[in-house]
Amino acid sequence: MKYGFIGLGLIGGSLARNLKKLDPACTICAYTRTQKTSMEAREAGVLDEICTSPSDELFRGCDYIFLCAPVITNIRMLSEIRTVLGKKTILTDAGSVKTGIHQEVERLGLDNQFIGGHPMTGSEKTGFESGNDHLFENAYYILTPGKRVPEEWTERYYQLVQSLKALPLVLDYREHDYITAAVSHLPHVIASSLVNTVHTLDGREEHMKMIAAGGFRDITRIASSSPEMWEQICVDNSGNIAKVLDEFIREMEEARDHMVTGDGAYINQMFASSRDYRDSFSFSSSGPVKKIYRIYCDLIDESGAIATIATILAVHSISIKNIGIVHNREFEKGALSIEFYEEDACHQAAELLRHHRYTVWVNE
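Predicted model, so just to flag it, every value in this text is computed and none were measured.

Definitions and limits used
- Going along each chain's sequence as written, the residues are numbered from 1 onward.
- The predicted origin of the model limits local features to residues at a pLDDT of at least 70 and limits the giving and counting of side-chain atom pairs to 80 or more, whereas totals for whole chains, interfaces and linings rest on all residues.
- Side-chain metrics rest on all non-hydrogen atoms present in the structure, leaving aside hydrogens and water.
- A helix here means a DSSP run of H or I that spans at least four residues, while a strand means a run of E at least two residues long, and both kinds are numbered starting from the N terminus.
- In this description the radius of gyration comes from C-alpha coordinates, and the expected globular size is given by 2.2 Å times residues to the power 0.38.
- Two residues qualify as a contact provided that any one of their heavy atoms is within 4.5 Å of a heavy atom in the partner residue.
- When charges are tallied, Lys and Arg are placed among the positive residues and Asp and Glu among the negative ones, while His and the ends of the chain are skipped.
- By convention, the charge on Lys lies at NZ, on Arg at CZ, on Asp at CG and on Glu at CD.
- Residues form patches when they are more than 30% accessible in relative terms and have no salt bridge. Like charges link within 9 Å. Nonpolar side chains (Val, Leu, Ile, Met, Phe, Trp, Tyr) link within 5 Å.
- Values of accessible area rely on a 1.4 Å probe in the Shrake-Rupley scheme; residue burial ignores everything except the protein chains shown.
- We count a salt bridge whenever a side-chain nitrogen from Lys or Arg sits within 4 Å of a carboxyl oxygen from Asp or Glu.
- Cysteine sulfur pairs qualify as disulfides if the two atoms are within 2.5 Å.
- Under this definition, polar contacts are N or O atom pairs within 3.5 Å; protein pairs additionally need one hydrogen-donor-capable and one acceptor-capable atom, and for neighbouring residues in sequence, both atoms have to be side-chain atoms.
- Whether two strands pair comes down to DSSP finding at least two bridges between them.
- Looking down the strands as they point away from you, a crossover is right-handed if its path from the first strand over the helix to the second goes clockwise.
- Note on method: axes are straight lines fitted to C-alpha atoms, helices fitted across the in-contact stretch only, with angles between N-to-C directions ranging 0 to 180 degrees.
- Here is the rule for angles: anything less than 35 degrees is roughly parallel, anything more than 145 is roughly antiparallel, 65 through 115 is roughly perpendicular, and the remaining ranges are oblique.
- Left-handed describes a crossing whose near helix is turned anticlockwise from the far helix by less than a right angle; the clockwise case is right-handed.
- Just so you know the grouping, Ala, Val, Leu, Ile, Met, Phe, Trp, Tyr, Cys and Pro go in nonpolar, Asp, Glu, Lys and Arg go in charged, and all remaining residues, Gly too, go in polar.
- Three labels apply to residues, based on accessible area from a 1.4 Å probe with only protein chains included: buried if under 20% of the type maximum, exposed if over 50%, partly exposed otherwise in between.
- What a helix should span is 1.5 Å times the count of its residues minus one.

Asker: Help me understand the overall build of the protein, please; the structure alone is not making it clear to me.
Answerer: When its secondary structure is counted, the protein shows 13 helices and twelve strands. For 364 residues, the compact-globule formula gives about 21 Å, and the C-alpha radius of gyration of the protein, at 23 Å, lands near that figure. If you take every contact in the protein between residues at least 6 apart in sequence, the share linking residues at least 24 apart comes to 72%. Once the 37 positive and 50 negative side-chain charges of the protein are each reduced to a mean point, those two points are 4 Å apart.

Written out as structure tokens, the structure reads:
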């Protein structure tokens, strides 16, 4: 098998790592915006051939070509990729907006071999170095086949996604964009707006910034995502985002009005209905906003306390992503917050520390 990539950032780099892990004998060629990324990928044993442009002859003969740049950049690349696209090559992308690229694919007459792809996973971190070979495990991977794509091609891609341990789901590209506007794009807009609101309202002493932690930090974490990527997503899917944003604004205005009039019954029902609906979600699979794997641990403030916990975990080869004291514990149960890269490590750490008689809560 031979795989071509345009872009080896978090998603493209993780996909390339995963494919190389599944089949070390496969060939991976890629064009990246900077030479540094290509060199990092080659040194990591992921990249076999470095392409100098999206129309590099090395892309000929690929079984798949993955467009993993920002969404509008992917669209711009199509005309160049077209010149080296083999007739049996499945052309796909990894963007979270599909309408624009499908329209351009149809205009170029490539809808007989384009299958849109959207792995609904990620991180607030970016770049090849932030990726890993298991990013797609238990994550929905949406496929949006072009109008004239043979069914057996879609089935082939479906099976490839399953081999990544992801959960393939075939949708119409228009439905995909409406869904992602609500469950992925709107949350990023809200997180960014909430952070900017606090920034605007905070005083010279920055007490809001000082106290903000715990729950506030968690719900605004995605505001740290790539501005370039989210600029292109919001522009490319503006119509759908505007629709869901209008409904969100209506909900906020209604909540504000009932608060001002002291309508406690409405406020109670608002929180109760949202709690019940959220509790009905299935968390067996990853969603578009990456889950945090974190535990909270009761801790007495004494010399060496944190070092002792870190040593216990290190002895058992459990890697820590982040660790720190929680100063604002209004919504947290423990004084020490420990974040992990993987869910298994999180639960292993909780069990291990409980065995050492620590009181531990797992973030759910």
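Asker: Could you clarify how one ought to interpret a nonpolar patch on the surface in this entry?
Answerer: Nonpolar side chains collect at one region of the surface, where Y140, L167 and L169 lie side by side and expose about 230 Å² of accessible area between them. With respect to the secondary-structure elements, L167 resides in strand β8 (residues 167-170).

Asker: It is not clear to me how the state of the cysteines should be interpreted in this structure. Could you clarify?
Answerer: Cysteine pairs can be linked by a disulfide, which is a covalent bond between their two sulfur atoms. Considering all chains together, one arrives at zero disulfides under this definition. In this model C68 remains outside any disulfide bridge; the closest cysteine sulfur is found in C29, 12 Å from its own.

Asker: Looking at this structure, how should I read the side chain of S226?
Answerer: The topology assignment puts S226 in the loop between α8 (215-219) and α9 (227-236). At a separation of 3.2 Å, a polar atom in the side chain of S226 contacts the main-chain amide nitrogen of M229.

Asker: For this particular structure, what's the right way to read the pairing of strand β2 (residues 27-31)?
Answerer: Every other side chain in a regular strand lies on the same face of the sheet, so the side chains alternate between the two faces. Where strand β1 (residues 2-6) and β2 come together, five bridges link them in parallel fashion. Note that in β2 the partner of F5 across the bridge is A30. Crossover handedness for the path β1 to helix α1 (residues 10-22) to β2: right-handed. With two bridges joining them, β2 and strand β3 (residues 49-50) adopt parallel strand pairing. By the bridge assignment, A30 is partnered in β3 with I50. Once the chain exits β2 it traverses helix α2 (residues 35-43) before rejoining the sheet at β3, and the crossover so formed is right-handed.

Asker: Is there a simple way to think about the packing of helix α4 (residues 99-107) against helix α6 (residues 173-201) in this case?
Answerer: The angle between the axes and the distance between the axes are what describe a pair of packed helices. Contact pair α4 / α6: the axes reach a minimum separation of 9 Å and the direction vectors enclose 160 degrees. Classified by the angle their axes make, α4 and α6 are roughly antiparallel. Between α4 and α6 lies a crossing of left-handed hand. For the pair formed by α4 and α6, the contact residues are T99, H102 and E106 on the first element and Y173, R174 and D177 on the second. When the residues that make up the contact of α4 with α6 are grouped by side-chain class, the tally is one nonpolar, two polar and three charged.

Asker: Looking at this model, I keep getting lost on unusual backbone geometry. Mind explaining?
Answerer: For residues that are not glycine, phi is negative in most cases, and the peptide bond is trans in most cases. Even without being a glycine, N138 presents a positive backbone phi close to 60 degrees. Relative to the elements of secondary structure, N138 occurs in the loop between β6 (115-119) and β7 (140-145). In this structure, E206 is a non-glycine residue whose phi angle is positive, near 55 degrees. Tracing the chain through its elements places E206 in the loop between α6 and α7 (207-211).

Asker: Explain the pattern of salt bridges here, please?
Answerer: Where charged atoms of side chains with opposite charge meet at close range, the side chains can pair. Summed over the entire model, instances satisfying the criterion amount to 19 salt bridges. In this structure, the salt-bridge partner of D133 is K21, at a minimum N-O distance of 3.8 Å. In this pair, D133 is assigned in the loop between β6 and β7 and K21 in helix α1, connecting sequence segments 112 residues apart. The partner of E339 in a salt bridge is K321, with the nearest N and O atoms 3.8 Å apart. One end of the pair, E339, is in strand β11 (residues 336-340); the other, K321, is in the loop between α12 (305-315) and β10 (322-325), and 18 residues separate them in sequence. Accessibility expressed as a relative area gives 11% for E339, which makes it buried.

Asker: Got a minute to help me understand α1 in this structure?
Answerer: Because each turn of an α-helix spans 3.6 residues, side chains separated by three or four positions in sequence point in the same direction. Helix length check: α1, at 13 residues, gives a terminal C-alpha distance of 18 Å against a target of 18 Å (1.5 Å per residue), a fit within 8%. Most of α1 sits out of view: eleven of its 13 residues are buried. Those residues of α1 that fall on the buried side of the exposure criterion are L10, I11, G12, G13, S14, L15, A16, R17, N18, L19 and K20. Residues of α1 that are buried in the fold lie against β1, β2, β4 (64-67), β6, β7 and α5 (151-163).

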